[in-house]
Amino acid sequence: MKLLNEILGTKYPIIQGGMANIATGEFAAACSNAGALGLIGSGSMTPELLREHIRKCRAATSRPFGVNVPLAYRYTPQLMEVIAEERVPAVFTSAGSPATWTGRLHDAGCRVAHVVSSSKFALKSRDAGVDAVVAEGFEAGGHNGREETTTMALVPQVRQAVDLPLIAAGGIATGAGMLAAFALGAEGCQLG
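Throughout this description, residue numbers start from 1 for each chain and increase along the sequence as written. Whole-chain, interface and lining totals are the exception, using all residues; otherwise, since this is a predicted model, local features are given only for residues with pLDDT of at least 70 and side-chain atom pairs are given and counted only at 80 or more. Remark: hydrogens and water are excluded; side-chain values derive from all non-hydrogen atoms of the structure.

Draft legend 1. Seen up close, the environment of Val-134. Structurally, Val-134 can be placed in strand E6 (residues 132–136). Placed 21 residues apart in sequence, Val-134 and Ala-113 show a C-alpha to C-alpha distance of 6.7 Å. Non-local contacts of Val-134, meaning those with residues more than four positions away in its chain, are made with Phe-92, Ala-113, His-114, Val-115, Val-116, Ile-167, Ala-169 and Gln-190. In this text, helices come from DSSP runs of H or I with a minimum length of four residues, and strands from runs of E with a minimum of two, each type numbered from the N-terminal end. Contacts are assigned to residue pairs that have any heavy atoms within 4.5 Å of one another.

Draft legend 2. Quick peek at the packing of helix H2 (residues 25–33) against helix H3 (residues 47–60). All axes are obtained by fitting lines to C-alpha atoms, using only the stretch in contact for helices, and the reported angles, taken between N-to-C directions, cover 0 to 180 degrees. The N-to-C vectors of H2 and H3 enclose an angle of 30°; their axes lie 8 Å apart at closest approach. Helix-helix and strand crossings are classified by hand; for H2 and H3 the assignment is right-handed. Residues Gly-25, Glu-26, Ala-28, Ala-29 and Asn-33 of H2 pack against His-53, Lys-56, Cys-57 and Ala-60 of H3. Two helices that cross are described as forming a left-handed crossing if the nearer one is turned anticlockwise from the farther one by less than a right angle, and a right-handed crossing if clockwise.

Draft legend 3. Focus on the pattern of salt bridges. Each reported salt bridge corresponds to a side-chain nitrogen of Lys or Arg within 4 Å of a carboxyl oxygen of Asp or Glu. Inspection of the entire model under this criterion finds 9 salt bridges. A salt bridge links Arg-51 to Glu-86, with the shortest nitrogen-to-oxygen separation between them at 2.8 Å. Linking Arg-51 in helix H3 with Glu-86 in helix H4 (residues 76–86), this pair joins segments that are 35 residues apart in sequence. Remark: exposure states derive from per-residue accessible area (1.4 Å probe, protein chains only) relative to the maximum for the residue type, with buried under 20%, exposed over 50%, and partly exposed in between. Residue classification places Arg-51 among the partly exposed residues on the basis of a relative accessible area of 22%. The exposure class of Glu-86 is buried, given its relative accessible area of 11%. Through salt bridges with shared partners, one network takes in Arg-51, Arg-55, Arg-58, Glu-85 and Glu-86.

Below, the structure written as structure tokens:
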């Protein structure tokens with residue numbers, strides 16, 4: 001299995017959370033320039049605004065970056081068109097079925113990670129062909145699942161279920177928290 005850094009092209013196994021209304025193109029570029037994977041949070045953007053932020057990000061960094069897309073968002077089909085046209089290196093999807101968009105995103109040259117709240121959804125993500133999964137515990141912001149499982153309980157459950165690069169998310173804010181996630185089977189951490 002490839003290392004997460006090899007898949008994403010980053011220096012560090014850190015992903016900046018794709019927080020709606022906060023994670024702009026400039027924010028994502030700053031994170032990518034620091035060696036992490038910066039994500040643009042598209043959950044509150046129109047397709048035109050997303051294109052603008054992708055271009056701002058690309059102008060501010062030569063490093064890989066991505067876009068976070070909640071699949072239940074009303075503009076998702078149009079956002080995906082923009083992402084494919086702009087050839088965004090990575091897309092993190094959530095709040096919907098990864099089977100709907102993963103193939104199309106791969107055809108556009110994107111790496112795809114899907115956010116999951118259970119091992120059941122991790123298996124569905126694997127079957128959909130994603131490149132990585134994000135085990136997002138209940139401590140995280142955004143759209144968590146109904147299971148209310150904490151990150152440090154969820155990570156080993158997902159690790160046992162799938163042999164994909166695994167990113168831990170939710171409540172991780174220190175090096176010690178990252179170390180704990182790595183000890184439980186994660187290869188990377190997403191921080192918001």
